[in-house]
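Chain residues, written in single-letter form:
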Amino acid sequence: ANRIERDVVIIGAGASGLTAANALRDAGHSVVVLEARDRVGGRLWTREIDGATLEIGGQWVSPDQDALIDTLAELGLETYSRYREGDSVYVAADGTRTRFTGEIFPVAPETAAEIERLIALLDGLVAEVDPAAPWDHPRAAEYDQVSWKQWLSEQTDDVEARDNIALYIAEAMLTKPSHAFSLLQALLMAASAGSFSHLVDADFILDKRVVGGLQQVPLKLAERLGDDVILNAAVRRLEWTGGADASGADGTPIQGVVAYADGGIEVAAKRAIVALPPNLFERIDFQPALPRLVQQAHQHLSLGLVIKVHAVYATPFWREQGLSGTAFSPYRIVHEAYDNSYDGDPRGTLVGFVSDQKADDVFSLPAEERKARILASLADYYGPEALSPEVYFESDWAAEEWTRGAYAASYDLGGLSRYGAHQTTPVGPIHWSCSDFAPEGYQHVDGAIRLGRTTAAAIAEQLRG
Ligand code: FAD
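Residues numbered from 1 in each chain as written. Predicted model: local features only at pLDDT ≥ 70, side-chain atom pairs only at ≥ 80, totals over all residues. Heavy atoms only, no water.

## Topic: empty space enclosed by the protein
Stage number 1. Counted under the stated rule, the structure contains 2 cavities of 30 Å³ or more.
Stage number 2. Size it by volume and the second largest cavity reaches roughly 60 Å³.
Stage number 3. Residue lining of the second largest cavity: Leu293, Val294, Ala297, His298, His422, Gln423, Thr425, Val427 and Trp432, and that is the complete set.
Stage number 4. The greatest single-element share of the lining of the second largest cavity, amounting to 4 residues, is contributed by helix H11 (residues 292-299).
Stage number 5. The residue inventory of the lining of the second largest cavity, partitioned by class, reads 5 nonpolar, 4 polar and no charged. (1 Å grid on protein atoms, 1.4 Å probe; cavity = no way out; pocket = protein on both sides within 12 Å on 5 of 7 lines; lining within 4 Å. Points joined across faces, edges and corners; volume = space filled by probe spheres on them. Helix = DSSP H or I, 4+ residues; strand = E, 2+ residues; numbered from the N terminus. Nonpolar A, V, L, I, M, F, W, Y, C, P; charged D, E, K, R; others polar.)

Below is the structure:
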């Protein structure tokens, strides 16, 4: 076996693990990052597909994402704006296609008024929720017992208003059906982005992209670590000693960990950071087993499901029709779509998203039929020219062994108030870091970076003391 000794072993070379590794190294600690895949970046992956540069995973940056913005500046990366000139398109339940500007969908005036009322109501509720501790809200348990769908149906009888408000959290963010998560989980999602209104504002939440692709962030962070990032090294077992917590109280002094990875790699370290999405924690054989509460908590977290679809055309033909490329419909397979043309590429690229049960439905079809259905959905927004792209690609993260869903993890009903307070509590020498546990930037790269920094700082403090 190849035995390595370090102060800290980091499991997972995504944005979170690599941020933590760099921060610890800058604080004078030795580190090694073990990564299961043959590449770094995890849910960030910029690829050339048939001559087009596509963001298979995360890509957008919003103006409040300070941690990501700082990191981009520090790494010398530049951004450019998403194309957004012209009209957006909305398709109603009956298939009517309407062009519009601004944020509120072109619906009957009563429905528009309901949508505005619900947004204001939600902004008020969200303002009371601390994204770092949603479980501390006085009504947390109550908010965590009612599904997002149920709560919305109690607020209004206007089905179209409900469907549109539901979309911002369900299809567009958690990528789960609105009956599958709680109001509290929805409020956390919005609070982590600053407000519910921010989620409604595509120009805010999907503002900028990174020249060269967002995977540059993990690639450059890994470059700085050189040989201390080891690929094809899935960690299969983690032995740990001392200081259990989260109701496994034990209190013996922490001695450390030994991580066993593919390739005969063994790393002995004082601390470990498990920097994976929580649905994958179970894939590591923890010895001894994690405390009861932690084992339970991890079982109540799951990833959503979304297909990110790219279609590249000879020209951005929609722009000639005065369309921005932005399109929404809670009633179409592709519930939202945008102009995603790559910086400097004269061709036009559309990106569309197919979420939760709609993704199940199209995945049950043969590939050609799935493609035809998805392109027909784009044609509903942009016209028949959308049917014939030069390049077509579906991101299929649920089929990736080391992710198994997209975009990120959320709790089932009641899970957030029951377990959330413990989710980042270390277990002896083992710390947790991923976008899925971030207060600000929850589910986003910004959150992955924030938690990477916080986790590194906590470990540096312990090792100093
Ligand atoms: P990950 O990136 O998942 O990193 C975990 C790493 O651990 C992976 O590299 C994995 O291979 C590795 N690993 C797993 N198991 C093991 C093991 N046993 N041993 C060793 N290594 C292991 N965010 C935004 O901010 N903006 C967006 O526009 C956006 N769009 C998205 C679109 C898609 C399609 C997807 C999938 C995500 C999107 N996100 C977006 C979310 C964002 O990409 C993630 O939140 C973020 O990249 C997660 O970083 P992470 O480090 O927490 O986890």
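## Quick notes on the pairing of strand E16 (residues 323-328)
Stage number 1. Extensive coverage of E16 is indicated by the burial of 6 of its 6 residues.
Stage number 2. Inspection of the sheet shows E16 paired to strand E17 (residues 336-339) by 2 bridges, in the antiparallel sense. Looking at E17, one finds that Ala327 is bridged to Ala337. (Buried < 20%, exposed > 50% of the residue type's maximum accessible area, 1.4 Å probe, protein only. Pairing = 2+ DSSP bridges.)

## Considering the sheet that holds strand E15 (residues 306-313)
Within a sheet, each strand pairs with its neighbour through backbone hydrogen bonds, oriented either parallel or antiparallel.
Stage number 1. Pairing in this open sheet of 7 strands is mixed, and the strands run E7-E6-E16-E17-E18-E15-E19 from one edge to the other. Edge positions in the sheet fall to strand E7 (97-100) and strand E19 (391-395), since each has one partner strand and no second. Neighbouring strand axes in the sheet, compared pairwise and without regard to direction, differ in orientation by 20 degrees on average. (Axes fitted to C-alpha atoms, helices over the stretch in contact; angles between N-to-C directions.)

## A few points about unusual backbone geometry
Stage number 1. Residue Pro288 is bonded to the preceding Gln287 through a cis peptide linkage, with omega at -5 degrees.
Stage number 2. Structurally, Pro288 is set in the loop between strand E13 (285-287) and H11.
Stage number 3. Following Ala406, the chain continues to Tyr407 via a peptide bond in cis, the omega torsion being -5 degrees.
Stage number 4. Turning to its location among the elements, Tyr407 is positioned in the loop between E19 and strand E20 (409-411).
Stage number 5. A positive phi angle, close to 50 degrees, is found at Thr175, a residue other than glycine.
Stage number 6. When you line up the elements, Thr175 lands in the loop between helix H6 (159-174) and helix H7 (183-192).
Stage number 7. Its identity is not glycine, yet Asp356 carries a phi of approximately 35 degrees, on the positive side.
Stage number 8. Counting through the fold element by element, Asp356 comes out in helix H13 (residues 356-363).

## Points about the side chain of Thr46
Stage number 1. Tracing the backbone through its elements, the reader meets Thr46 in strand E3 (residues 46-49).
Stage number 2. Residue Thr46 is classed as buried on the basis of its relative accessible area of 18%.
Stage number 3. Side-chain polar atoms of Thr46 contact the side chain of Glu55, separated by 2.7 Å.
Stage number 4. Every residue in contact with Thr46, bar those within four places of it in the chain, is listed here: Thr53, Leu54, Glu55, Gly212, Gly213, Leu214 and Gln215. (Polar contact = N/O pair within 3.5 Å; in protein donor to acceptor, adjacent residues only side chain to side chain. Contact = heavy atoms within 4.5 Å.)

Everything listed here is a matter of geometry and, on its own, says nothing about what the molecule does.
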